Amino acid sequence: MAGKPVRPASAIDQTRRMLSLVTYLRERPGARLEDVARAFGISEDELVSDLDVLPMCGTSFRGGDLLDIDTDGERIWWHNPAALGAEAAEPLRLAADEATALLVAARAVATLPGLREGDRQALLRATAKVETAAGEAAGASSRLSVTFESEGGVFADVDRAISERRRLWIRYYSPARDEVTEREIDPIRLVSVGHTYVEAWCRRSEARRTFRLDRVAEIKILDEPSAPPEVELRDLSEGLVQPAAEDPEVVVEVGPGGRWVAEYYPHDSADELPDGGLRITLRTPDPASLRRLALRLGRDGRIVSPPELADSARQAAREALAAYDGIEAQGAHGPRPDRDGQ
C-alpha cells in the first residue's frame, strides 16, 4: 500500500487514538479505510498498524474475548462486536483507591464549562451509582477535589461548538508575532499532535487555520451557526507543520545544548558538527518567525542563512541586550529610600 512515511507517535498518542478507534469502528461497520484514516488525521499505513494491534486487545485473553478486527485493504470489518457487549463483561470490582480516584475524576469532569447538559446529568447519575457501590470508600473521595487547567474548559467549548455546529469567538496568543488577536472561527475538528489543536476556518483571514488550545486566552460560543467551506482534511501523520518544497530554506547551526531543535522542527537535514552540535537545514513559509528561536537559543545557536535573516536575528539580540542593560542601569542608579524609608 503506497503512503507517506509514518511519523513515530508516542505510546500515549497511540493509546488515546486506539481507544477512540474502537468506538468509532463499532458504530460504523465496514467503514472505508481511507475515510477512517482521514477522520483520525493519520495515514492509511498508520491506521493499518493500529488495526494490527487491536486483535490483541479485549476484555480478557480468552480467544472469544479478543477483538476480531481486520481489513481487506479497502474496508474494515469487526467480526465480533459483541465481545465488548454488556453480556460479555464480568462484574467490575474496584479497590478503595480505585473507587476514590474514579469518583474524584468524575466530579471534576462534571464541573467542566461547556460540557453538554445531557452528558453532565448522565455523568452525575453514574457517579451516584459508584458512590453507592463504593460504600465507605466514597467518603474519602468527598474530601478531595481537582481543578482543571484552562485548556480543559477550552476543549469542552470547542467540542460543544463542533457538535452543535456553532461559531466560536476567541482571543488567541500567537508566539510568532508575540501578540493576542481576536477572531471568529468555524471549528472543523479537534486534533492531537503532541498538543491539542482545533482545526477551523478563520473568518478573520478567510482561510483554514490551526489553533493550539493552551494558547486560547478567552473563548465564547456564539449563536451564529458554523459554516466552514468544504475542505479536504489534511493527513497529519507526519506532524502538524509540514513545510512545502517551495518554502524558503533556512540554515541554523546549534551547539550541543541546542540539539533539541532537530527534534521539534521539521527539517530537510541535520548534519553533525565537530563540537557535538548540528547544522540544520529547514524550510518555513515565514523565516522571520525564526528570530524568536535564535533569541531563545542564545549562545547555543545561530542562523547562518539567508544572510538578511541572520543579520535581523543579530540585531534583535543586540536590541534585547541593550534593553536589558538599560533596565539594570536604571535599577542601579535609581533613587533609593533613606533609612526612614522616605
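Residues numbered from 1 in each chain as written. Predicted model: local features only at pLDDT ≥ 70, side-chain atom pairs only at ≥ 80, totals over all residues. Heavy atoms only, no water.

Enquirer: Just give me the short version of the sheet that holds strand S10 (residues 278-283), but keep the residues and values in it.
Expert: Taken together, the four strands give an open sheet; going across it, the order is S9-S10-S8-S11, and neighbouring strands pair in antiparallel fashion. Edge positions in the open sheet fall to strand S9 (269-272) and strand S11 (301-305), since each of these has one partner strand only. Each adjacent strand pair in this sheet contributes to an overall mean axis angle of 20 degrees, direction not counted. In this sheet, S11 lies alongside strand S8 (residues 249-254) in antiparallel orientation, the contact comprising four bridges. Following the sheet pairing, glutamate 253 is matched in S11 by arginine 302. (Pairing = 2+ DSSP bridges. Helix = DSSP H or I, 4+ residues; strand = E, 2+ residues; numbered from the N terminus. Axes fitted to C-alpha atoms, helices over the stretch in contact; angles between N-to-C directions.)

Enquirer: For the packing of aromatic side chains, give the residues involved together with the corresponding values.
Expert: Across all of its chains, the model carries two aromatic pairs by this definition. Ring centres of tyrosine 24 and phenylalanine 40 lie 5.3 Å apart, and the angle between their planes is 75 degrees; this geometry places the pair in the edge-to-face category. Residue tyrosine 24 is found in helix H1 (residues 11-27), and its partner phenylalanine 40 is found in helix H2 (residues 33-40); the two are separated by 16 residues along the sequence. Judged by relative accessible area, tyrosine 24 falls into the buried class, the value being 18%. Summarising the aromatic geometry, the rings of tyrosine 172 and phenylalanine 211 are spaced 5.0 Å apart at their centres and angled 80 degrees between planes, so their arrangement reads as edge-to-face. One end of the pair, tyrosine 172, is in strand S3 (residues 166-174); the other, phenylalanine 211, is in strand S6 (residues 207-212), with 39 residues separating them in the sequence. For the pair shown, tyrosine 172 and phenylalanine 211 are each scored as buried. Just above the ring of tyrosine 24 sits the side chain of arginine 28; from NZ or CZ to the centre is 3.8 Å. (Phe/Tyr/Trp six-rings, centres within 6.5 Å; stacked < 30°, edge-to-face > 60°. Buried < 20%, exposed > 50% of the residue type's maximum accessible area, 1.4 Å probe, protein only. Lys NZ or Arg CZ within 6 Å of the ring centre and 35° of its normal.)

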